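So the chains spell out like this:
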Amino acid sequence: MASIATRSAQAIRATSRRAPRAAAKVSRPAQSASYSLLAARSAAASTPRRATVESVRGIKTLDFAGSKEVIYERSDWPLAKLQDYFKNDTLALIGYGSQGHGQGLNARDNGLNVIVGVREGGESWKQAQEDGWVPGETLFPIEEAIKRGTIIMNLLSDAAQSSTWPTVAPLITPGKTLYFSHGFSIVYKDDTHVVPPPDVDVILVAPKGSGRTVRTLFKEGRGINSSIAVWQDVTGKAKEKAVALGVAIGSGYLYETTFEKEVYSDLFGERGVLMGGIQGMFLAQYKVLRENGHSPSEAFNETVEEATQSLYPLIGAKGMDYMYNACSTTARRGALDWAPIFEAANKPVFEKLYESVKNGTETRKALEFNSRDTYRQDLAKELKEIDEQEIWRAGKTVRSLRPDYKP
Ligand SMILES: NC(=O)c1ccc[n+]([C@@H]2O[C@H](COP(=O)([O-])OP(=O)(O)OC[C@H]3O[C@@H](n4cnc5c(N)ncnc54)[C@H](OP(=O)(O)O)[C@@H]3O)[C@@H](O)[C@H]2O)c1
């Protein structure tokens, strides 16, 4: 390895030297046709014409590292079939946050009958109007939308799903379908008190990404990966409906799971490697570098910049060994030696975290915090504290030196 001083001066260049960015581009198989484009054409025609998606793929069993899993694909649901399947349904989207926006607009563009239900005069009411939902026609107060809907898509915040349940529950009448995008409310029913009536189908479609990504990928003619699950199957059609709704809201591939597994893995992942874990690792490494006399720029470059700009995209594109192979033999030897040490140190933390998810501790904390009147301000205060940490202040300057920097 070069000396620390040399490496500090060359940190930005090192990013591209060790692992060229171009190599990080993921090439995805082209979809057979863009659903959003097909939907636009279909909507423009006076009578819905048959969509031209070729069904060259379909439900398939794939081998994931020796374990067989069934995957559903949208190519099994050409647009005309989708529109026909839901021709007698009204999708009532309750809540218009990130998921409401993405799922609602996609289902609407797919030519389905969609209405939105949110608090009158709230932020979401305004946002929905900006997106073309019309009060009294396609935009209603929550209770009214539920009454009008046949498929009730509960996309309120998880805390609000619990607090509004006493009003919502009596409106979920036989024949309706209850839909969620997270297993949270149902699985932790002892804390949320969300217990659906026994005579309705209860299903889940959980996109593996933010609602903004759900929308962007759809507009690009691609689709987000989602999980599907069934909690209650009264009609015998619950799974089929979940797959169809998954396609309707813009999914490309649908992985089957259960409500429990979806919520456990989701809460675990975001507290772990996806967010909390990575934040803790970044900070611990940065602090040790700083305590040993390294400059903020050097500590940031060796901790965050090279990770996010160079190495992690390589893992995403072709796996961990691919990333290792893009690095020097010196780096490979050391990382191979230290990986098991980090695994051993971290595994007990992950075990503790999983238990905390499973026994509902994480849920109770989230419900308590996010039910406060001041939850937005309280969260903003903690995030501001992160923004003001030296590591992230140093990061702002490092980012400003990127060739493609946009303020
Ligand atoms: N965001 C993601 O990345 C993601 C990914 C997959 C699944 N999910 C799941 O999708 C669901 C929706 O999440 P989200 O992120 O889209 O929404 P969110 O931001 O958590 O919730 C926003 C919606 O909840 C409404 N709301 C909040 N408190 C309310 C109350 N007391 N009474 C009535 N309405 C209230 C808001 O309306 P106002 O504007 O009127 O306050 C807004 O329409 C959740 O179950 C979530 O776990 C989210």
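Numbering of residues starts from 1 in each chain and follows the order in which that chain's sequence is written. Local features in a predicted model are, by the rule used here, given only for residues with pLDDT of at least 70; side-chain atom pairs are given and counted only at 80 or more, and totals for whole chains, interfaces and linings are based on all residues. Excluding hydrogens and water, the side-chain figures rest on all heavy atoms present in the structure.

### Focus: the site of the ligand
This is how the line gets drawn: If a single non-hydrogen atom of a residue is within 4 Å of a molecule or strand, that residue counts as near it. Throughout this description, a polar contact denotes any pair of N or O atoms lying within 3.5 Å of each other; where both atoms belong to protein, one of them has to be capable of donating a hydrogen while the other can accept it, and for residues adjacent in sequence the pair is counted only when both atoms sit in side chains. Working definition of accessibility: Shrake-Rupley area with a 1.4 Å probe, residue cover restricted to the visible protein chains. Strands are runs of DSSP state E lasting at least two residues, helices are runs of H or I lasting at least four, and both sets are numbered from the N terminus onward.
As a matter of local geometry, the ligand sits amid 22 residues, with Y96, Q99, R119, S124 and D158 nearest to it. Separating an oxygen atom of the ligand from a backbone N or O atom of Y96 is a distance of 2.8 Å. Here an oxygen atom of the ligand sits 3.2 Å away from a polar atom, N or O, in the side chain of Q161. In the complex, 77% of the free accessible area of the ligand, which totals 900 Å², lies under the protein chains. Elements that contribute at least two residues to the shell around the ligand include exactly α5 (98-109), α6 (123-130) and α8 (158-168). Examining the composition of the shell around the ligand, we find that four residues originate from one element, α8, more than from any other.

### Considering the pairing of strand β8 (residues 201-207)
Basically, it comes down to this: Buried, partly exposed and exposed residues are distinguished by accessible area as a fraction of the type maximum, computed with a 1.4 Å probe on protein chains only: under 20%, between the cut-offs, and over 50%, respectively. Each pair of strands is called paired provided DSSP finds at least two bridges between the two strands.
Counting buried positions over the seven residues of β8 gives seven, a clear majority of the element. A two-sided burial pattern is seen for β8, the buried positions comprising D201, I203, V205 and P207 on one face and V202, L204 and A206 on the other. Where strand β7 (residues 177-180) lies against β8, four bridges are found, and the strand directions are parallel. Along β8, the bridge assignment pairs F180 with L204. Across six bridges, the pairing between β8 and strand β9 (residues 224-232) is antiparallel. Bridge assignment links A206 to a residue of β9, and that residue is S227.

### Re the side chain of Q232
Heads up, the rule is: It only takes one pair of heavy atoms within 4.5 Å for two residues to be counted as in contact.
Positionally, Q232 belongs in strand β9. At 3.5 Å, the side chain of Q232 and the backbone oxygen of P198 are in polar contact. The residues contacting Q232, other than those within four sequence positions of it, are P196, P197, P198, D199, V200, D201, V202 and A238.

### Observations regarding the UniProt feature "binding site: substrate" (unreviewed entry) in the protein
Applicable threshold: UniProt positions are given in the numbering used here, feature names are shortened, and annotations may be inferred rather than shown by experiment.
Here the UniProt feature "binding site: substrate" (unreviewed entry) sits at S328. By secondary structure assignment, the location of S328 is in the loop between α16 (320-325) and α17 (329-358). The class of S328 is partly exposed, set by a relative accessible area of 33%.

### Notes on the pairing of strand β10 (residues 251-256)
Direction of pairing for strand β2 (residues 67-73) relative to β10: antiparallel, over a ladder of three bridges. Looking across to β10, one finds that E73 is bridged to Y253. Here β9 runs beside β10; their pairing, made up of five bridges, is parallel. Each bridged residue has a counterpart across the sheet, and for S227 the counterpart in β10 is Y255.

### Quick notes on the packing of aromatic side chains
Applied cut-off: Stacked, tilted and edge-to-face are the three classes applied to pairs of Phe, Tyr and Trp rings, where Trp contributes its six-membered ring and a pair requires centres within 6.5 Å; stacked means planes under 30 degrees apart, edge-to-face means over 60, and tilted covers the rest. Geometrically, a lysine NZ or arginine CZ counts as sitting over a ring once it is within 6 Å of the ring centre and also within 35 degrees of the ring normal.
What the rule picks out here adds up to 13 aromatic pairs. Arranged with centres 5.0 Å apart and planes meeting at 80 degrees, the rings of W77 and Y85 form a pair that is edge-to-face. A centroid spacing of 6.4 Å and a plane angle of 75 degrees characterise the contact between Y96 and W133, whose relative ring orientation is edge-to-face. One end of the pair, Y96, is in the loop between β3 (91-94) and α5; the other, W133, is in the loop between α6 and β5 (139-140), with 37 residues separating them in the sequence. Judged by its relative accessible area of 1%, W133 falls in the buried class. Among the aromatic side chains, those forming a connected cluster through ring pairs are F184, Y188, Y264, F268, F350 and Y354. Above the plane of the ring of W77 lies K81, whose end atom (NZ or CZ) is 4.2 Å from the centre. Over the aromatic face of W133 sits the side chain of R108, whose NZ or CZ is 4.3 Å from the ring centroid.

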